[in-house]
Amino acid sequence: MRYALVGAALTLASCAPSSPLPADPAAHLDPITFFTGLTHGDAILRKAFSSAIRVRVDSVGRADGHGGLILDQAISEGTKQPRQRRWLFRADGHGSYRGSLTDADGPVEFVVTGPRATIRYRMKNGMEVEQQLALQRDPRLVLNHLTVTKFGLRLASLDEQIRKRD
């Protein structure tokens, strides 16, 4: 009985929504402007039943010629070989963006509200991803909190600081 209660508590805790990241209330996040050029992210990835892993993300963003952005990333996760992925997105009107990601199965939705953005997509393995981005008082710094869920259970989270390099 005790184990069932612990399991139920863990399940409910894994479904709890994330708190909003701190952000500069006077700022407005423009993801195309922020991610154009070079950025670098340092993160901690926490997977269920695993130790935390350091992750580094080096990105190069450039205009797609149609008002959007192509963002190429090299991701180094712990001791694994770096992997590449690509984001493509453009404004959809009223602070929203749509696009694609090599890791995603279907469209990527990106909604900006002031200094914050929420990104949602489904991965090719059926897991759901939600990211919060928050522009800081230093306009060259964005905080990123990502959660991965499946069947409503949180399987992983990532906390990252992303800095403009140029």
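Please read all numbers here as calculations on a predicted model, not as lab measurements.

### Examining the overall build of the protein chain
Stage number 1. Assigned secondary structure in the protein chain consists of 2 helices and 10 strands.
Stage number 2. Burial statistics for the protein chain: of 166 residues in total, 39% are counted as buried.
Stage number 3. For the protein chain, the share of sequence-separated contacts (at least 6 apart) that also reach a separation of at least 24 residues comes to 39%.
Stage number 4. Element-wise, carbon and sulfur atoms account for 57% of the exposed surface of the protein chain, whose accessible area totals about 9800 Å².

### Brief notes about the packing of aromatic side chains
Stage number 1. Counted according to the given criterion, the structure contains 5 aromatic pairs.
Stage number 2. Between Phe 89 and Tyr 97, the ring centres sit 6.1 Å apart and the planes meet at 85°, which makes this aromatic pair edge-to-face. This pair shows no difference in class: Phe 89 is buried, exactly as Tyr 97 is.
Stage number 3. Overall, the relative accessible area of 11% leaves Tyr 97 in the buried class.

### Focus: the side chain of Gln 136
Stage number 1. With respect to the helices and strands, the residue Gln 136 is situated in the loop between β8 (128-135) and β9 (141-150).
Stage number 2. Not counting the four nearest positions on each side in its chain, Gln 136 is found in contact with Pro 22, Ala 23, Asp 24, Leu 141 and Leu 143.

### Section: the nonpolar core
Stage number 1. Among the nonpolar cores identified, the biggest contains 33 residues, and Leu 29, Trp 87, Phe 110, Tyr 121 and Leu 133 are the most heavily contacted of them.
Stage number 2. If near-sequence neighbours (up to four positions away) are discounted, Trp 87 is found in contact with Leu 69, Ile 70, Leu 71, Gln 73, Ser 100, Leu 101, Val 108, Ile 119, Tyr 121 and Gln 131.

### Re the layout of surface pockets
Stage number 1. Reported here for the largest pocket is a volume of approximately 660 Å³.
Stage number 2. Considering the residues around the largest pocket, the lining is formed by 37 residues, among which Arg 83, Arg 85, Tyr 121, Leu 146 and Leu 158 are closest to the centre.
Stage number 3. Looking at the lining of the largest pocket, the elements with two or more residues in it are β1 (37-47), β2 (53-63), β3 (68-77), β4 (83-93), β7 (116-122), β8, β9 and β10 (153-164).
Stage number 4. Per-element tally for the lining of the largest pocket: the top contributor is β1, with 6 residues.
Stage number 5. Partitioning the lining of the largest pocket into residue classes produces 22 nonpolar, 8 polar and 7 charged.

### Quick notes on the environment of Pro 139
Stage number 1. As for its placement among the helices and strands, Pro 139 is situated in the loop between β8 and β9.
Stage number 2. It is 10.0 Å that separates the C-alpha atoms of Pro 139 and Pro 115, two residues lying 24 residues apart in sequence.

### Concerning the sheet that holds β3
Stage number 1. Pairing in this closed barrel of 10 strands is antiparallel, and the strands run β1-β2-β3-β4-β5-β6-β7-β8-β9-β10 around the ring. With direction set aside, neighbouring strand axes in the sheet form an average angle of 25°.
Stage number 2. Pairing of β7 with β8, which is carried by 7 bridges, proceeds in the antiparallel orientation. Within β8, the residue paired with Arg 116 across the bridge is Ala 134.

The rules behind each value
- Residues numbered from 1 in each chain as written.
- Predicted model: local features only at pLDDT ≥ 70, side-chain atom pairs only at ≥ 80, totals over all residues.
- Heavy atoms only, no water.
- Helix = DSSP H or I, 4+ residues; strand = E, 2+ residues; numbered from the N terminus.
- Buried < 20%, exposed > 50% of the residue type's maximum accessible area, 1.4 Å probe, protein only.
- Contact = heavy atoms within 4.5 Å.
- Areas by Shrake-Rupley, 256 points an atom, 1.4 Å probe, with all protein chains shown as cover.
- Phe/Tyr/Trp six-rings, centres within 6.5 Å; stacked < 30°, edge-to-face > 60°.
- Core = buried A, V, L, I, M, F, W, Y, C linked by side-chain atoms within 4.5 Å.
- 1 Å grid on protein atoms, 1.4 Å probe; cavity = no way out; pocket = protein on both sides within 12 Å on 5 of 7 lines; lining within 4 Å.
- Points joined across faces, edges and corners; volume = space filled by probe spheres on them.
- Nonpolar A, V, L, I, M, F, W, Y, C, P; charged D, E, K, R; others polar.
- Pairing = 2+ DSSP bridges.
- Axes fitted to C-alpha atoms, helices over the stretch in contact; angles between N-to-C directions.

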